[in-house]
Amino acid sequence: MTTAVNHFTYGLLTPLLAYVMSCIGSMLGLRLTAQAHASRGGARVRWLLGAAISIGGTGIWVMHFIAMMGFQVQGTQIKYDVWLTAASALVAIVVVGTGLLLVSYGGGRVLALLGGGLLTGLGVASMHYLGMYAMNMSAHVSYDRVTVAASVVIAVVAATVALWFTLRVKKTIWITLAALVMGVAVSGMHYTGMYAMHVTVDAEPGMVSGADALDFLVPLMTVISLITLTMLLMVILSPSEEELHEDAELVAKLELRRRTAQQQQQLTYPAPVAPMPQPRQPMQARRRR
């Protein structure tokens with residue numbers, strides 16, 4: 001029989017909390033990419049890896065499964081495949097990290113931005129549907145192809161815009177506004193994909209295998225959130241790109257002032273000129289005298 005699917009079992013609590021987590025992850029990720037642009041070598045890669053965990057892990061994956069907490073199908077229990085769920089988190093982090101590397105080392109070229117956005121968007125959509133496929137229930141699940149295609153397009157556009165933000169956004173106020181936009185895009189992609197889902201519960205529901213959401217998802221999301229909090233503290237304690245630029249300008253001004261003072265001192269008090277040495281007379285000439 002066909003049953004009603006409820007995406008908002010707890011009202012607006014889960015969508016609002018999911019949106020907040022998406023914004024936090026996106027904000028931290030943008031801040032980390034700004035830090036990466038001010039770094040070189042291995043430090044730059046480490047900052048980009050942190051950004052991938054923030055955007056892919058917290059901004060996308062955690063957002064997805066917080067929203068899934070409000071998903072319920074009457075007539076059947078919902079459990080999750082542990083390995084597929086963990087794989088979906090890894091997919092989100094890897095594809096976001098790959099997109100960030102492409103754009104960061106692509107020199108801001110349009111081709112690198114579009115390629116990174118396409119790869120990241122397809123990866124985010126794959127993570128979303130892999131996470132949905134990880135749900136086990138005593139029912140048959142089908143999807144509306146047009147709506148699925150729309151969700152993939154939203155994911156690609158959102159990923160491209162997010163990567164563009166990582167190149168252009170530097171100041172805190174613009175990072176905050178960009179994170180709010182990214183949160184809307186990620187949430188919109190999620191609920192568009194969920195709207196494409198049609199569930200038909202089995203006539204005789206049986207036992208459902210897998211892990212309960214509260215026993216598995218909540219601890220995993222807590223761990224990722226703690227990692228995000230740790231990176232947030234690292235970013236707060238680290239100087240921003242603007243601060244590094246200001247420090248470099250201050251050092252350059254001090255060096256210029258030191259050189260100018262040294263040159264003025266040399267002009268005011270010229271160094272004494274040593275007397276020219278007198279040529280020594282031959283020994284025989286001195287004896288004649």
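See the structure above.
Residues numbered from 1 in each chain as written. Predicted model: local features only at pLDDT ≥ 70, side-chain atom pairs only at ≥ 80, totals over all residues. Heavy atoms only, no water.

Enquirer: For this particular structure, what's the right way to read the overall build of the chain?
Expert: Helix and strand content of the chain: nine helices and six strands. Going through the 289 residues of the chain one by one, you find that 42% of them count as buried. Within the chain, contacts between residues at least 6 apart in sequence are counted, and of these 88% link residues at least 24 apart. When the accessible area of the chain is evaluated, it comes to approximately 16800 Å², of which 67% is carbon and sulfur surface. (Helix = DSSP H or I, 4+ residues; strand = E, 2+ residues; numbered from the N terminus. Buried < 20%, exposed > 50% of the residue type's maximum accessible area, 1.4 Å probe, protein only. Contact = heavy atoms within 4.5 Å. Areas by Shrake-Rupley, 256 points an atom, 1.4 Å probe, with all protein chains shown as cover.)

Enquirer: I would appreciate a short explanation of the nonpolar core in the present structure.
Expert: Across soluble globular proteins, you tend to see nonpolar side chains buried next to one another. In this structure, Trp61, Phe71, Met135, Met137 and Leu217 are the most contacted members of the largest nonpolar core, which totals 60 residues. Contributing elements (two or more residues each) for this core: α1 (13-37), α2 (42-68), α3 (82-104), α4 (110-133), α5 (145-168), α6 (172-195), β6 (197-201) and α7 (213-237). Looking at this core element by element, the count peaks at 13 residues for α2. Apart from the residues lying within four places of it in its own chain, the contact partners of leucine 217 are Trp61, Phe65, Met69, Tyr80, Thr85 and Asp212. (Core = buried A, V, L, I, M, F, W, Y, C linked by side-chain atoms within 4.5 Å.)

Enquirer: I would appreciate a short explanation of α2 in the present structure.
Expert: Note: α-helices contain 3.6 residues per turn, so residues at a spacing of three or four share the same orientation. With 27 residues, α2 should cover 39 Å at 1.5 Å per step; its first-to-last C-alpha distance of 37 Å lies within 8% of that length. The largest bend in α2 amounts to roughly 30° and is located at valine 62. Within α2, 21 of the 27 residues are buried, which leaves the element mostly enclosed by the surrounding structure. (Expected span 1.5 Å × (residues − 1). Bend = angle between axes of the 7 residues up to and from the residue.)

Enquirer: Help me understand the environment of threonine 120, please; the structure alone is not making it clear to me.
Expert: By the element assignment, threonine 120 lies in helix α4. Assessed through its relative accessible area of 5%, threonine 120 is described here as buried. Along the primary structure threonine 120 and valine 91 are separated by 29 residues, whereas in three dimensions their C-alpha atoms are 9.9 Å apart. The contact partners of threonine 120, leaving out residues within four places of it in the chain, are Val95, Val96, Gly99, Ala159 and Leu163.

Enquirer: How should the pairing of β6 be read in this particular structure?
Expert: Here β6 shows one buried face, formed by Met197, Val199 and Val201, and one open face, formed by His198 and Thr200. Examined bridge by bridge, strand β5 (residues 139-143) and β6 share five bridges and lie antiparallel to one another. Looking across to β6, one finds that tyrosine 143 is bridged to methionine 197. (Pairing = 2+ DSSP bridges.)

Enquirer: Explanation requested: α5 in the structure shown.
Expert: With 24 residues, α5 extends 35 Å from end C-alpha to end C-alpha; this agrees with the ideal 34 Å at 1.5 Å per step. Those residues of α5 that fall on the buried side of the exposure criterion are Thr147, Ser151, Ala155, Val156, Ala158, Ala159, Thr160, Ala162, Leu163, Phe165, Thr166 and Leu167. Buried positions along α5 lie against α1, α3, α4 and α6.

Enquirer: When you look at the packing of α4 against α6 in this model, what are you seeing that I'm missing?
Expert: When two helices pack together, their arrangement is given by the angle between their axes and by how far apart the axes lie. The geometry of α4 relative to α6 is characterised by a closest axis approach of 11 Å and an angle of 45° between their N-to-C directions. Taken together, α4 and α6 sit at an angle that is classed as oblique. Viewed along their axes, α4 and α6 form a crossing whose handedness is right-handed. Along the contact surface, α4 presents Ala125, His128, Tyr129 and Met132, while α6 presents Met189, His190, Gly193 and Met194. (Axes fitted to C-alpha atoms, helices over the stretch in contact; angles between N-to-C directions. Parallel < 35°, antiparallel > 145°, perpendicular 65-115°, else oblique. Left-handed = near helix turned anticlockwise from the far one by under 90°.)

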